[in-house]
Structures are given as structure tokens and as C-alpha cells.
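Here are the chains, one letter per residue:
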Amino acid sequence: MNSWLKHLRTSIALNNGLVVITIIATKGSTPCTNGDKIVYTSNDAVFGSIGGGNLEFKALSLAKEMLELKGNSNQLIKYPLGATLGQCCGGYVKVLFESFVTNNSSLKDKDSWVEKVSSLYQESENFILGTSIDNDKNPQLDKQKFLFTKKHFFSSSNNKKLSTFVEDYSSKLLQNTQSSTLVEFEDEAGLKTDICLEKVTSSDLLPVAVFGAGHISRALMPILINLPVKLFWIDDRQEQFDKFQGDTSQVKIICDDIVESVSELPNNVYCLVITYSHKIDFEISEQMILQNNFSYLGMIGSTIKGKKFRDRFIQKNYPEEVVNKFTCPIGEKQKFLKSPTAIAVTIAMDLINFIENKNQIEAL
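Residues numbered from 1 in each chain as written. Predicted model: local features only at pLDDT ≥ 70, side-chain atom pairs only at ≥ 80, totals over all residues. Heavy atoms only, no water.

Most peptide bonds are trans, and most residues other than glycine sit at a negative phi. Cis geometry marks the peptide bond from Cys328 to Pro329; its omega dihedral reads 10 degrees. Mapped onto the elements of the fold, Pro329 is located in the loop between strand 16 (326-327) and helix 10 (340-363). The phi dihedral of Asn15 falls on the positive side, at around 60 degrees, and the residue is not glycine. With a relative accessible area of 46%, Asn15 lands in the partly exposed category. Of note, Asn292 is a non-glycine position whose phi angle comes to about 50 degrees, a positive value. Residue placement: Asn292 occurs in the loop between helix 7 (278-291) and strand 15 (294-299). Judged by its relative accessible area of 37%, Asn292 is partly exposed. (Helix = DSSP H or I, 4+ residues; strand = E, 2+ residues; numbered from the N terminus. Buried < 20%, exposed > 50% of the residue type's maximum accessible area, 1.4 Å probe, protein only.)

Time to look at the pairing of strand 15. In terms of residue burial, strand 15 counts as a mostly covered element, since 6 of its 6 residues are buried. Relative to strand 15, strand 14 (residues 269-273) runs parallel, the two sharing 5 bridges. Looking at strand 15, one finds that Cys271 is bridged to Leu297. For the crossover from strand 14 across helix 7 to strand 15, the handedness is right-handed. Sheet analysis places strand 15 next to strand 16, joined by 2 bridges and oriented parallel. Bridge pairing in strand 16 places Gly298 opposite Thr327. (Pairing = 2+ DSSP bridges. Right-handed = clockwise from strand over helix to strand, strands pointing away.)

For the rest of this paragraph, the subject is the side chain of Ser285. As for its position among the elements, Ser285 is in helix 7. Among the polar contacts made by the side chain of Ser285, one reaches the main-chain carbonyl oxygen of Asp281 at a distance of 3.0 Å. Once you skip the residues sitting within four places of it in the chain, Ser285 turns out to touch Leu297, Met299, Phe313 and Phe326. (Polar contact = N/O pair within 3.5 Å; in protein donor to acceptor, adjacent residues only side chain to side chain. Contact = heavy atoms within 4.5 Å.)

Of all the 9 residues making up strand 10 (residues 192-200), 7 are buried; the element is thus mostly covered by neighbouring parts of the structure. In this structure, strand 6 (residues 127-133) lies alongside strand 10, joined through 7 bridges in antiparallel fashion. Across the sheet, the residue bridging to Gly130 is Leu197, located in strand 10. The pairing of strand 9 (residues 181-186) with strand 10 spans 6 bridges and is classified as antiparallel. From the neighbouring strand, Glu186 faces strand 10, where its bridge partner is Lys192. In this structure, the hairpin formed by strand 9 and strand 10 is closed by a connection of 5 residues, where Gly190 is found at a positive phi of approximately 85 degrees.

Bringing the environment of Val259 into the picture now. If you trace the backbone, Val259 turns up in the loop between strand 13 (251-255) and strand 14. Measuring from C-alpha to C-alpha, the distance between Val259 and Lys6 comes to 33 Å, with 253 residues separating the pair along the chain. Apart from residues lying up to four places away in sequence, Val259 is in contact with Ile280, Glu283 and Ile284.

Structural data, given as C-alpha cells:
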């Protein structure tokens, strides 16, 4: 989830100009959600997405214009998707643009908001990231950063009233179910400032465990890394992990006895069993069924394999309602497209559909 930070930090280290584009509010039908981000750099490199289409095109065009200015700037833009952009979606989004075009050594400091946010992500700690946008360009109010957790509060502003206002509002926001939001601050002179408060609940990320680090799992990992999940990758063969060339900075790799590692996983975990051994597949699934603390248990294989495993579980007198939660096979079998990537895509879609359906049922 925090891969955008890696690109942000790389651009800062190289002194590349960049614009961070963040969806801060949505209403109605939209192709994006609060917190979606793009990191756009001066060499036209783009990381992330806010839904594609004309919305993303317009956002990138504005970002490019901001990089041509002499100084850093912030903008908050409202886009009605249908009326203004001609998209089929009928809602609107508010997008925060933050440009960093001048060399700002403070962003490289270990105490910068970038480093603080990186640490909070690593520790799975919930936080509020605030950004002030003052149309009157008051230097005490404009382009200030705030970071709030249950234990700490960081403010780049010297305005105590502003900092206190943000701290108080962030405390309330972190405790309720409201997502990212906009609030308005007014100083003694009556000048008003928009405060964008981005709520990040890292501890609520869904835990997903992938058993096996073979060619299919390695093809699956780049897809899962970009989902709002906390990843556990488990195998007893270090050389298989070494073959993966992608970013694993946000993945907890467990290179140990595969079956024994089941007990280390958090409750309500979503499991994908893709190992090199039917015996290990069965032992993992059996242990998961014994613990019965999983939200999803899917295994690669065939219909026959799934039936045999379920029959063995029933013969061992495991509760039928728990055995029925076991899914095998996962991933739709294709007639022509049988590459690891094609298989990985169908496995990911099974997981995504299951999570989406579960969330929709719970929301009723």
C-alpha cells in the first residue's frame, strides 16, 4: 500500500521535481476511492492511478503545469465527473495536488513527514496526514504538514492555533468511522484555510497469506502488492524468494517450515495455498481448518483434488460448516492462456470477488 512512498523518496533523493496527487473526497459514482494517489515526476514518470480516463488525464496535465512553476504549490480541485469531464460516472471528486519543484532538503531529514509516514506504515499504525491549503497564501497557514497518531502529533506550522485545531479534529477523526475529509480553519484575522485530512488505518488492512513461492506465486505477488492488504509470503525455499525481482519491502517473508508457520498468521486471514507438494497443501489446509480462524482458504488444483481433500476432512470428523469454507480449485482454468501470469490473474480475481462480496453482505 505504501509503494507510492518508495517512488516519492526516490524522487526526493534524486532532486527530481514531483507532484503528489491524492483523492481527498468522493461523492456518488466514481472510479476511485479516498486516498488513491499518483506520484508524477519531472521526467514524466507516473506511479499509481486515480481511476484513469479523463479525470486522470486532466490531473496529470495540471501536475505537469505545476512542475513548470518556479516554486512549490498546493491546489485543491473539484472535478464533477459527468458535467465537466464527460465521464459516465455521475459523481465528483476532490483532488489534492502538492508540488515539490524546488530542492527541499527538509524532506530528506529523518524527522521529515515523509520518513515519519514511512515508519508508521511499517509499524501498521493508524494515523492522520494533514495538509493546509490557504488561498490567501499566508505563509503561516499555507502548505503546512501535520501528522497525528494516538501517541504523537507533528506540525510544520508555527501557528499554535492552527496546530491545535488540526490536532483536535484529527483525534476525533481517527476515533470514528469517517474517512478522509476536508475541514476549514479560520484565524484571528478572519482568513480561512482548507485542511485536507487523509485518514490511513493501516492496522485495518486485510491479512493475506500466500503459501508457496513458485512461478505462479511470483506472478501473483505484483498484483497483490498493489491491493489494500497486508501480505505474508511463506515457503521453506529461500532460493525461490531470490528469484522474485519485484519490491518486497511491504511483504513479510517467512522462510521456515510451511505448515508450522500457519500458527503465526493473524486471525481472519485470507489464505492462498500454491505450494509444490500435495502433501503440504493438505497439511496447511488441515491446520487452517483445525484453527478455524480464517476468512478465506483457497487452493490451486483441480475439482478432483478439492473433492478428495474435502472427503478426507469429513472422514476426520472436522465440522462440515468449516470444511465447506475450503475452496479448491481457485483460478479459472483457461484453454489457451495457461501461463503463470494468466493463472495468477484469475486467482487474484477469485480473492478480490470474495472480499468484495463479503464486504457488500456485511454492509447490508
